[in-house]
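Given next are the chains, with one letter for each unit.
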Amino acid sequence: MDSNIGTPKSVARSWLRTLSTNIQEINGQHTLLSLSKDDSMDICLKLLAAHDFLSVPILDRGSFIGFVDVMDVTGYALEVYKRHAEALDMTEDSFRDFFESRVQNVINFSLWDQPVIMYDIATLEQVIHGFQSDGRNFSPHRIAVLNDRNQICNLITQWDILNFLLQRVGNLPEDLRRKKVSECITHQPITTRLDVPFVDSLQLLYQPGVSNIILVKLKYLCRCKLKIARRKD
């Protein structure tokens, strides 16, 4: 047995204590940035790009009303592209239409990653269950943490949970530590060729449950991955 890992009983007790950890002890987004519902998509995209965020909370006079994330941006961009393409008027105004749109028009546009909300009294166990997609047609990548005044005070992402648990590997049950990667695969990978039009690739990424696509040059030869997600939120 690893010298850093205790007896089965002590590990079980440590695991129960870990699961009861308060959500405020999990380091989420250290600098909580948000946008007003009246901000433009241009401002939103610059914020997402500058901080390498997957999503940003949207406020209405200080109250949290939802997120705009990369899936929403992708879906809205495709909608604008389709609308102008069908009208045969793809001009500079088409892009201006997109960038000048208010973020309130894009909140949860994709319907793929709906906001999951928890209060700051929640435990790690409740947060883990919050990330599970049982009974949902989407798998959330972040949870909004609200205080007792219903104001957003933190964001907890899947990466935050992973980082928290990796620092406490010795507290994990033995069956979880010994679990093989093959047992964690929940779906088959989606691939596309390198010569596929970019818009078609965006359509694939916009499908529910798809967060990245494997790009191939020849059949079964993986070249790289086109991702819509990074580890940070």
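Everything below is about the structure shown above.
Note that this is a predicted model, so its numbers are computed, not measured.

The rules behind the values
- Residues numbered from 1 in each chain as written.
- Predicted model: local features only at pLDDT ≥ 70, side-chain atom pairs only at ≥ 80, totals over all residues.
- Heavy atoms only, no water.
- Helix = DSSP H or I, 4+ residues; strand = E, 2+ residues; numbered from the N terminus.
- Areas by Shrake-Rupley, 256 points an atom, 1.4 Å probe, with all protein chains shown as cover.
- Buried < 20%, exposed > 50% of the residue type's maximum accessible area, 1.4 Å probe, protein only.
- Polar contact = N/O pair within 3.5 Å; in protein donor to acceptor, adjacent residues only side chain to side chain.
- Pairing = 2+ DSSP bridges.
- Contact = heavy atoms within 4.5 Å.
- Axes fitted to C-alpha atoms, helices over the stretch in contact; angles between N-to-C directions.
- Salt bridge = Lys/Arg side-chain N within 4 Å of Asp/Glu carboxyl O.
- Phe/Tyr/Trp six-rings, centres within 6.5 Å; stacked < 30°, edge-to-face > 60°.
- Lys NZ or Arg CZ within 6 Å of the ring centre and 35° of its normal.

## Concerning the overall build of the protein chain
Reasoning step 1: Scanning the protein chain from terminus to terminus reveals 8 helices and 9 strands.
Reasoning step 2: If you sum the accessible surface of the protein chain, you get close to 14300 Å²; carbon and sulfur atoms cover 53% of it.

## Describing the environment of R142
Reasoning step 1: As for its position among the elements, R142 is in strand β5 (residues 142–146).
Reasoning step 2: Assessed through its relative accessible area of 0%, R142 is described here as buried.
Reasoning step 3: C-alpha of R142 to C-alpha of S55: the two residues are 87 residues apart in sequence and 8.5 Å apart in space.
Reasoning step 4: Side-chain polar atoms of R142 contact the side chain of S55, separated by 3.1 Å.

## Some words on the sheet that holds strand β1 (residues 35–36)
Reasoning step 1: On the basis of which strands lie adjacent, the open sheet formed by 3 strands has the order β1-β2-β3 and mixed pairing. Of all strands in the sheet, those with a lone pairing partner are β1 and β3 (63–69), marking the two edges.
Reasoning step 2: Across 2 bridges, the pairing between β1 and strand β2 (residues 55–60) is parallel. Within β2, the position partnered with L35 by the bridge is I58.
Reasoning step 3: Taken strand by strand, helix α2 (residues 41–51) contacts β1, β2 and β3, and its axis lies near 140° from that of β2.

## Looking at the pattern of salt bridges
Reasoning step 1: On inspection of all chains with the given rule, the structure shows 6 salt bridges.
Reasoning step 2: Salt-bridge contacts for D38 lead to K37; the nearest nitrogen and oxygen are separated by 3.5 Å.
Reasoning step 3: For K37, a relative accessible area of 19% gives the class buried.
Reasoning step 4: For the salt bridge of D38 with R102, the shortest nitrogen-to-oxygen distance reads 2.8 Å. Separated by 64 residues along the polypeptide, D38 in the loop between β1 and α2 and R102 in the loop between α4 (92–99) and β4 (116–119) bring together distant segments of the chain.
Reasoning step 5: Given a relative accessible area of 40%, D38 falls into the partly exposed group.
Reasoning step 6: It is possible to trace a salt-bridge network through shared partners that takes in K37, D38 and R102.

## Concerning the side chain of S14
Reasoning step 1: With respect to the helices and strands, S14 occurs in helix α1 (residues 8–19).
Reasoning step 2: Here R17 takes part through its side chain, which lies 3.2 Å from a polar atom of the side chain of S14.

## Topic: the packing of aromatic side chains
Reasoning step 1: On inspection of all chains with the given rule, the structure shows 4 aromatic pairs.
Reasoning step 2: Between Y76 and F109, the ring centres sit 5.5 Å apart and the planes meet at 85°, which makes this aromatic pair edge-to-face. Here F109 lies in the loop between α4 and β4 and Y76 lies in helix α3 (residues 70–86), a separation of 33 residues in the sequence.
Reasoning step 3: Each residue in the set Y76, F98, F99 and F109 is aromatic and connected to the rest through ring pairs, giving one cluster.
Reasoning step 4: For R142, the ring lying beneath its charged end belongs to F67, and the centroid distance is 3.8 Å.

## Considerations on the sheet that holds strand β6 (residues 152–157)
Reasoning step 1: If you trace the 3 strands from one edge of the open sheet to the other, you get β4-β5-β6, paired in mixed fashion. Bordering the open sheet on either side are β4 and β6, each of which pairs with just one other strand. Within this sheet the neighbouring strands show an average axis-to-axis angle of 30°, counted without direction.
Reasoning step 2: Alignment of β4 against β5, held across 4 bridges, turns out to be parallel. Paired with Y119 across the bridge in β5 is L146.

Just geometry here; none of it tells us what the structure is for.
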